[in-house]
Amino acid sequence: GMTTPELGCHVTVGGFILPDFMLERTARRRHRSMVLALPEVLDLLAVSVQTGRGMGGCLLDLSNSGRGPLVEEMSRAGDDMTWGSGQAAALEDLRKRIGGSEITSFVSTLERSRRLGSPLADQLRRQSATLRQDQRRAIEEEAARAAPKIQLVIALVLVPSVLLMMVAALVANADSLINVG
């Protein structure tokens, strides 16, 4: 391993900005992976909820179905519900830990269902469908934004190289072209 003086050296050389930046990027990537996993997790949860189990048990069940940061956070919330805080507090913690509008609306769906006793499975499925639509739209928009950049690359890189090849061919065959007469 690294000795302590070495470690100290790394911190001062690297400065404090880089580690923070790296942590932030990792956190952003983790959050994006959670949001992408959400539709599938909501569908699984909808199936689980229909069995009539409590929310805590349903969230814990998710950990059998797969891994990943979202499932870990969800089963942690299930754990909190089963052993510690009530549902509302556990969900609030989940919302704070993950953050973002998608999780917030998921939590409020659960809360609404608990308050009004409305059928949760349908709402979860509807939310997962909406999320999938949003994700598809985001991908299409990204592709549309990328298209002009790709065209620019083609114009700046491919076209000149083709022209250069044509010029090279003309120069190489110049004598035969000139000596036609």
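The structure reproduced in this document is the subject of the present report. Remember, predicted model here, so these are calculated numbers, not experimental data.

**Considerations on the packing of helix α5 (residues 87-98) against helix α6 (residues 101-116)**
Right, so step 1: Interaxial distance between α5 and α6 falls to 9 Å at its minimum, and their mutual angle equals 170°. Between α5 and α6, the crossing angle belongs to the class labelled roughly antiparallel. Along its contact with α5, which presents Gln87, Ala88, Leu91, Leu94, Arg95 and Ile98, the element α6 presents Ile103, Thr104, Phe106, Val107, Leu110, Glu111 and Arg114.

**Quick notes on α6**
Right, so step 1: Between its first and last C-alpha, α6 extends 22 Å over 16 residues, near the 22 Å set by a 1.5 Å rise per residue.
Right, so step 2: At the exit of α6 stands Gly117, carrying a positive phi of roughly 65°.

**Structural notes on the packing of α6 against helix α7 (residues 120-172)**
Right, so step 1: In contact at an axis separation of 10 Å, α6 and α7 are set at 165° when each is read in the N-to-C sense. Relative to α7, α6 is oriented roughly antiparallel. Helix-helix and strand crossings are classified by hand; for α6 and α7 the assignment is right-handed. On α7, the residues that touch Glu102, Ser105, Phe106, Thr109, Leu110 and Ser113 of α6 are Leu120, Gln123, Leu124, Gln127 and Leu131.
Right, so step 2: When grouped by side-chain class, the residues that make up the contact of α6 with α7 number 5 nonpolar, 5 polar and 1 charged.

**Side note on a nonpolar patch on the surface**
Right, so step 1: The grouping of Ile150, Leu152, Val153, Ile154, Leu156, Val157, Leu158, Val159, Val162, Leu163 and Met166 at the surface amounts to a nonpolar patch, some 1,000 Å² of accessible area in total.
Right, so step 2: Position of Val153 relative to the elements: it lies in helix α7.

**Structural notes on the pattern of salt bridges**
Right, so step 1: Per the stated rule, a full pass over the model turns up 7 salt bridges.
Right, so step 2: Linking Arg97 and Glu73 is a salt bridge whose minimum nitrogen-to-oxygen distance equals 2.5 Å. Note that Arg97 is positioned in helix α5 and Glu73 in helix α4 (residues 69-83), a separation of 24 residues in sequence.
Right, so step 3: Judged by its relative accessible area of 24%, Arg97 is partly exposed.
Right, so step 4: Within the structure, one salt-bridge network assembled from shared partners comprises Arg30, Glu73 and Arg97.

**Details of the side chain of Glu111**
Right, so step 1: With respect to the helices and strands, the residue Glu111 is situated in helix α6.
Right, so step 2: On the basis of relative accessibility, which here comes to 17%, the residue Glu111 falls in the buried class.
Right, so step 3: If sequence neighbours within four positions are ignored, Glu111 has contacts with Gln87, Ala88 and Leu91.

Reading guide: rules and limits
- Residues numbered from 1 in each chain as written.
- Predicted model: local features only at pLDDT ≥ 70, side-chain atom pairs only at ≥ 80, totals over all residues.
- Heavy atoms only, no water.
- Axes fitted to C-alpha atoms, helices over the stretch in contact; angles between N-to-C directions.
- Helix = DSSP H or I, 4+ residues; strand = E, 2+ residues; numbered from the N terminus.
- Parallel < 35°, antiparallel > 145°, perpendicular 65-115°, else oblique.
- Contact = heavy atoms within 4.5 Å.
- Expected span 1.5 Å × (residues − 1).
- Left-handed = near helix turned anticlockwise from the far one by under 90°.
- Nonpolar A, V, L, I, M, F, W, Y, C, P; charged D, E, K, R; others polar.
- Patch = residues over 30% accessible without salt bridge, like charges linked within 9 Å, V, L, I, M, F, W, Y side chains within 5 Å.
- Areas by Shrake-Rupley, 256 points an atom, 1.4 Å probe, with all protein chains shown as cover.
- Salt bridge = Lys/Arg side-chain N within 4 Å of Asp/Glu carboxyl O.
- Buried < 20%, exposed > 50% of the residue type's maximum accessible area, 1.4 Å probe, protein only.

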